[in-house]
Number of protein chains: 2
Amino acid sequence: MVIDNSFYMKLALDEAWKYQGVTYPNPAVGCSVVSKSGEILAVEAHKRAGEAHAEVEALKSAYFKLTNDGKILDISSSFEIHEYLLKNHNNCFDGVSLFVTLEPCSHIGKTPSCATLISKLGIKGLFIGSLDSNKEASGGAEIVKNANIHVETDILAKECGELLTPFEMWSEKRFVFFKWAQRLNGTVDDGIISSEKSRTFVHAMRDLCDLLVVGGNTVRVDRPTLDARLVGGRAPDVLILSKTEEFDKTIPLFGIKNRKVMIMDNFSIFDNYKNIMIEGGENMFEYSKEFVTHYLSFVSPSFGGRENIVAQKCKFDVLNILQDEQDIIMWMKQADNRGRD
Amino acid sequence: MVIDNSFYMKLALDEAWKYQGVTYPNPAVGCSVVSKSGEILAVEAHKRAGEAHAEVEALKSAYFKLTNDGKILDISSSFEIHEYLLKNHNNCFDGVSLFVTLEPCSHIGKTPSCATLISKLGIKGLFIGSLDSNKEASGGAEIVKNANIHVETDILAKECGELLTPFEMWSEKRFVFFKWAQRLNGTVDDGIISSEKSRTFVHAMRDLCDLLVVGGNTVRVDRPTLDARLVGGRAPDVLILSKTEEFDKTIPLFGIKNRKVMIMDNFSIFDNYKNIMIEGGENMFEYSKEFVTHYLSFVSPSFGGRENIVAQKCKFDVLNILQDEQDIIMWMKQADNRGRD
């Protein structure tokens, strides 16, 4: 195995993918910090909007590793971490390199500019995966370069681009992904398949989705609630794909406040939404194919059930695999994707 | 993410799993080398019998990274790498730590003793996953300790134990694993599923298996050769599980020289073999369940086919996941394994 800039960036990438889908309205970003002598000091990711950016989380961990100053561990506000680091770094970051999947932000939003912070800590090198196409946030590389820090871009550019794509699509127009849970033998029937942890993660995603799409049959058979109760989150609007509007309105999903439920036989309503999760089986997979760019599968390492997804042939490009406590979580694109790329 | 001894050992473990099944009569072993200042200098694995042990491969890579002396890259014989390192290390390994999934060997076999090499290079620390239960090879930790090197054992002991289990079972009695290829939707029909690279790896495994088990129906329908031609290897003996002995003897597997083909309706022949690969679908999965401890699945990230494995419910513990160019390769145990644990 080769230990090089790509290796350090891959660590940042894998950490960031763990939070793909739950960082809106921010992108998923990861950051590794490597010392002057080559020691990995930290690998962190941005976890959710309002919390510190990946670079700040990583600099915080690295600062503690370098100084053993435990006071910083009690600080979680991004503003305060920035201030604490600027005041107390005492050149501990001398010779340090940062590997960030995305260009550090230049603007002051919910948190101060990461580029400015990086440029003031005596850091030696900044290695960037993707440059930020967002006009408001871009320019971070310039700020850092102007502080005489060595800046390199395009480290694992393709992979860092794939990490960023869902956010970019969401920003530009909309992001539509198809999510399903299955056992290793491909089955989707016979009760709950995913672990509690996976289901909680899906609820965290629902909390940030504005539209959830399900099939009429699923609604009739499963009588779902389709909310985000496992994380105390917001229930997204629901589109039930169905030719008939006749549903038993005592099915829990109809009883959730502040949510619209639409029953339609097409996806025209997508125009009004930006972050759309489609949940379903083989029929929904086929119906939604031309609208979907990304696929998210929670695979339980088990056998059971009988009915597997039998769809038309298609190949996926695997963007990331994460082994959770139980489930294997795969983010994929269709290899012959008609969508963006 | 926490960067600690477990992190360095995990790198060694993942590297070693890539060669699980193709290192016989040696175990799969991985090794990371970390510099005095914490830089990862090398992560290597033992690749096949006759080639250098993991520690030697890793020390070779680390030596090159530390000295830039490219002459060592031309040496592949383990004896010569040992000699070269002993002669030329010039204290470059001062302060270095080794993370090895298995206790370094103490005996001189096809290669010189790794423990002796480690004890003579000025290395600071040796971190071991599993102690070697093999009497001939064990005692390496003692040798290294006696050279005043800091030795710690049981780093990711459980995971390093799982890596070693196939070899231990093979040594003690026999190792029996069930291998299959499937698409993500669980299907096993409709033509070739795995990538060329995966199929080549399976041939490398067959080369080291002494018995291959297949079902009678597979033989009739697929008319397979069941050899190791993709690696120019030896064809293992074949057991066709079948109630009838009537087979078309022009099916290629019958025409391979120096191989026994047995047709039986039971597994009693297992007593004569040590490394047994069972290939099959749901019927074979059920029939062989009580004889199998490990499962190896090559999952193609695609949809297609119709027939999925419909077996009795069972849960797997995932021991390792590797994403290859195309396929996802999973080593698993049954979670409720009746076999050794």
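Residues numbered from 1 in each chain as written. Chains lettered and ligands numbered in written order. Predicted model: local features only at pLDDT ≥ 70, side-chain atom pairs only at ≥ 80, totals over all residues. Heavy atoms only, no water.

Draft legend 1. Structural view of the relation of the copies chain B and chain A. Overlay of chain B on chain A (RMSD 0.0 Å): rotation 180°, translation along the axis 0.0 Å. What the rotation and shift describe, once combined, is the action of a two-fold rotation axis. Same-surface contact between copies: 100% of interface residues of chain B are shared with the interface of chain A. (Least-squares fit on C-alpha atoms with pLDDT ≥ 70 in both. Contact = heavy atoms within 4.5 Å.)

Draft legend 2. Fine view of the interface of chain B and chain A. The partner chain A presents 43 residues to the 43 residues of chain B that form the contact. Here chain B packs against chain A, burying approximately 3700 Å² in sum over the two surfaces, 60% of which is carbon and sulfur. On the chain B side of the contact with chain A, Met-1, Leu-184 and Phe-303 of chain B bury the most area, a combined 21% of that side's loss. The salt bridge involving Lys-313 of chain A is made with Asp-190 of chain B; its shortest N-O contact spans 3.7 Å. At the boundary of chain B with chain A, the tally comes to 15 residue pairs in polar contact (both at pLDDT 80 or more). For the side of chain B that touches chain A, the secondary-structure elements that each account for two or more residues are helix H1 (5-17), strand E2 (40-45), strand E6 (175-183), strand E12 (302-303), strand E13 (314-323) and strand E14 (328-334) of chain B. For the side of chain B that touches chain A, the element with the highest residue contribution is E13 of chain B, accounting for six residues. (Buried area = accessible area lost by both parts, 1.4 Å probe. Salt bridge = Lys/Arg side-chain N within 4 Å of Asp/Glu carboxyl O. Polar contact = N/O pair within 3.5 Å; in protein donor to acceptor, adjacent residues only side chain to side chain. Helix = DSSP H or I, 4+ residues; strand = E, 2+ residues; numbered from the N terminus.)

Draft legend 3. Broad picture of the sheet that holds strand E1 (residues 30-34) of chain A. All names here are of chain A. The strand order across the open sheet built from five strands is E2-E1-E3-E4-E5, with neighbouring strands paired in mixed fashion. Of all strands in the sheet, those bounded by a partner on one side alone are strand E2 (40-45) and strand E5 (150-152). Direction aside, neighbouring strands of the sheet carry axes that sit 15° apart on average. Bridging between E1 and E2 involves five bridges; their strand directions are antiparallel. Paired with Gly-30 across the bridge in E2 is Ala-45. Contacts from helix H6 (residues 157-172) reach strand E3 (97-102) and strand E4 (125-130), with the element oriented near 65° to E4. (Pairing = 2+ DSSP bridges. Axes fitted to C-alpha atoms, helices over the stretch in contact; angles between N-to-C directions.)

Draft legend 4. Region of interest: the nonpolar core. One finds Phe-93 and Leu-98 of chain A together with Phe-93 and Leu-98 of chain B to be the most contacted residues of the largest nonpolar core, which totals 174 residues. When neighbours within four sequence positions are excluded, Leu-98 of chain B is seen to be in contact with Cys-31, Ser-32, Val-33, Leu-59, Ile-118, Ile-123, Gly-125, Leu-126 and Phe-127 of chain B. Grouped together as the second largest cluster of nonpolar side chains are 60 residues, Val-318 of chain A together with Phe-267, Ile-276 and Ile-321 of chain B included. (Core = buried A, V, L, I, M, F, W, Y, C linked by side-chain atoms within 4.5 Å. Buried < 20%, exposed > 50% of the residue type's maximum accessible area, 1.4 Å probe, protein only.)

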